[in-house]
Amino acid sequence: MKYLSRTEPLPIAVDLGNHTIKLLQLAERGGKLSVLAATQLPPPAVDSKNPTPPIESVREAMRQGDYRGQSVVAVLPREWVQVKTLRLPVLPEADLKAAIEIESHRLFTTPAEGLSVRFVVAGEVKQGTEPKLETIVLAVEQKRIEDLLERFNQIGLYVAAFDFEPCSIYRGISRFVRRKADETEVNVLVDIGARQSQVVIGRGQEITFVKTIDIGGDKLSECVSRKLNITQAEARSLRRRFGGGGAETDSVGKTVADATRAAMGELAHEVSLCLRYYSVTFRGQRPARVRLLGGEANDRGLRDALATSLVVPVEIYEPLQGIDHELPVTPGQPLCEWGVAFGAAMRCLKSTVSREHVPAFGRRQDDASLVEVVDLTASLQSAQSVAETAGKPREPDHA
């Protein structure tokens, strides 16, 4: 029948990044995805007294682009999320929820009354001989959620769902899980952003591990800025010009590479700790490769540093692989910075509804429906010792 193959535009993804705001809308027709519209625009300066991301420019961008509808999926800034990891006894879901509600009063700095708290079970692990549930507890301040929801409403947009960066990142790759063998494959994604980087590890379609690392492009640019006594903006431009790797015959390129080498090595070391922790905690599950995405993933020096430190191959992740699009592509520069927006654009795809609850949001709704647990972050304070003992995993720090 004809109506089965009609084009269905999905809600517009709004990725509220630190240096740019990205809008992306996908359309589905006959089970095939295509990009309906895409916009990348720099955000205005954020008021330090009002940490809510500036979204006023989103409406104007939608008017100028070929966007359809007023429904959006907004990706919440990762800095808003408080996350703790617990290892708890194997309990029924109802009892587990009650235990975590009690624990949340001491887990977070913000009083529990002002938080929306959710949890997700990452998987069953062994602590000695005893089985435990590795459980990630997530909390977001209710006021921030409400303020952002209201600001979208003020510019005439309806928030179909709030999404979190790790879930958006992993959702894009989970679309390739089709065969039985794919369900056991371990996927490692490293999103290198402006202020922070995130390591997202999953098995099949399920996320099982996320670690936020406080090293991103801004820190690398700061290193160059101090070394050459130039502004941060100039340092960022130099890094992009030389790709972070520097040219053997170019003294400025060598200086850029020397200035960023220590920070890149630190990031690579943190990523290697994530892989070691994961291999010890979830035994028998090893990744075949590490995929890089984010606005800084095209830095050649950073890719080289990671490839040197890790025991698995490192490659660039192409989120729009196999998708019809007209986004401008610079030769040799993949669209890896669109990974978050692409995953968020898939948030309400019908084929994903069966494994993801998609809450409907309005101008005012019960807070229980506003925040869904899709963001995971694991504490790695003891990762080094856990990996070295390899068989005596310690309980993650609750603090």
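Residues numbered from 1 in each chain as written. Predicted model: local features only at pLDDT ≥ 70, side-chain atom pairs only at ≥ 80, totals over all residues. Heavy atoms only, no water.

Structural notes on the overall build of the protein chain
Applicable threshold: Each helix is a run of H or I in the DSSP string that is no shorter than four residues. Each strand is a run of E no shorter than two, and both are numbered from the N terminus. Using a 1.4 Å probe on the protein chains alone, a residue whose accessible area is under 20% of its type maximum counts as buried, one over 50% counts as exposed, and one in between counts as partly exposed. Any pair of residues with heavy atoms lying within 4.5 Å of one another is described as a contacting pair. Residue exposure ignores everything except the shown protein chains as possible cover, and the areas themselves are Shrake-Rupley values with a 1.4 Å probe.
The helix and strand tally for the protein chain stands at 11 helices and 14 strands. Taken across its 399 residues, the protein chain has 54% of its residues classed as buried. Counted over contacts in the protein chain with a minimum sequence separation of 6, partners at least 24 positions apart contribute 66%. About 18,500 Å² of surface is accessible on the protein chain, with carbon and sulfur atoms providing 49% of the total.

Focus on the side chain of aspartate 15
Going by this rule: A residue counts as positive if it is Lys or Arg and as negative if it is Asp or Glu; His and the chain ends are not included. A carboxyl oxygen of Asp or Glu within 4 Å of a side-chain nitrogen of Lys or Arg is what we treat as a salt bridge.
Checked against the element boundaries, aspartate 15 lands in strand E2 (residues 12–16). Buried charge aspartate 15 goes without a salt bridge, the closest partner of opposite sign being lysine 22 at 4.5 Å. In contact with aspartate 15, other than residues within four places in its own chain, are Thr20, Ile21, Lys22, Val75, Glu165, Val340 and Ala341.

With respect to the sheet that holds strand E11 (residues 197–203)
Note the cut-off: Strand pairing requires that DSSP identify at least two bridges connecting the strands. Only the contacting stretch of a helix is used when fitting its axis, a line to C-alpha atoms as for every element, and angles between N-to-C directions run 0 to 180 degrees.
Across the sheet, 5 strands lie side by side as E12-E11-E10-E13-E14; this open sheet has mixed pairing. On the outer flanks of this sheet lie strand E12 (206–213) and strand E14 (314–316), each paired with one strand and no other. Sheet twist, expressed as the average angle between the axes of neighbouring strands with direction ignored, equals 25°. Pairing between strand E10 (residues 186–192) and E11: 7 bridges, direction antiparallel. For aspartate 191, the partnering residue across the bridge sits in E11 and is glutamine 198. Sheet strands touched by helix H4 (residues 165–174): E10, E11, E12 and strand E13 (290–293). Its angle to E11, the strand with the most contacts, is close to 50°. Running over the sheet, helix H8 (residues 300–309) touches E10, E13 and E14 and is turned about 150° from E14.

Observations concerning the packing of aromatic side chains
Put simply, the test is: Between the rings of Phe, Tyr and Trp (Trp by its six-membered ring), a pair exists once the centres lie within 6.5 Å; its type follows the angle of the planes, with under 30 degrees stacked, over 60 edge-to-face, and the other angles tilted.
Evaluated as defined, the whole model comprises 3 aromatic pairs. Relative to tyrosine 277, the ring of phenylalanine 209 lies with its centre 5.8 Å away and its plane at 35°, an arrangement referred to as tilted. Separated by 68 residues along the polypeptide, phenylalanine 209 in strand E12 and tyrosine 277 in helix H7 (residues 251–281) bring together distant segments of the chain. On the basis of relative accessibility, which here comes to 1%, the residue phenylalanine 209 falls in the buried class. On the basis of an interplanar angle of 35° and a centroid distance of 4.9 Å, the ring pair of tyrosine 278 and phenylalanine 282 is categorised as tilted. Classification of tyrosine 278 by relative accessible area gives buried; the value is 1%.

A few points about the side chain of threonine 281
Considering the arrangement of structural elements, one finds threonine 281 in helix H7. Accessibility expressed as a relative area gives 7% for threonine 281, which makes it buried. Those residues in contact with threonine 281 that lie beyond four places of it in its chain are Arg87, Val125 and Glu134.

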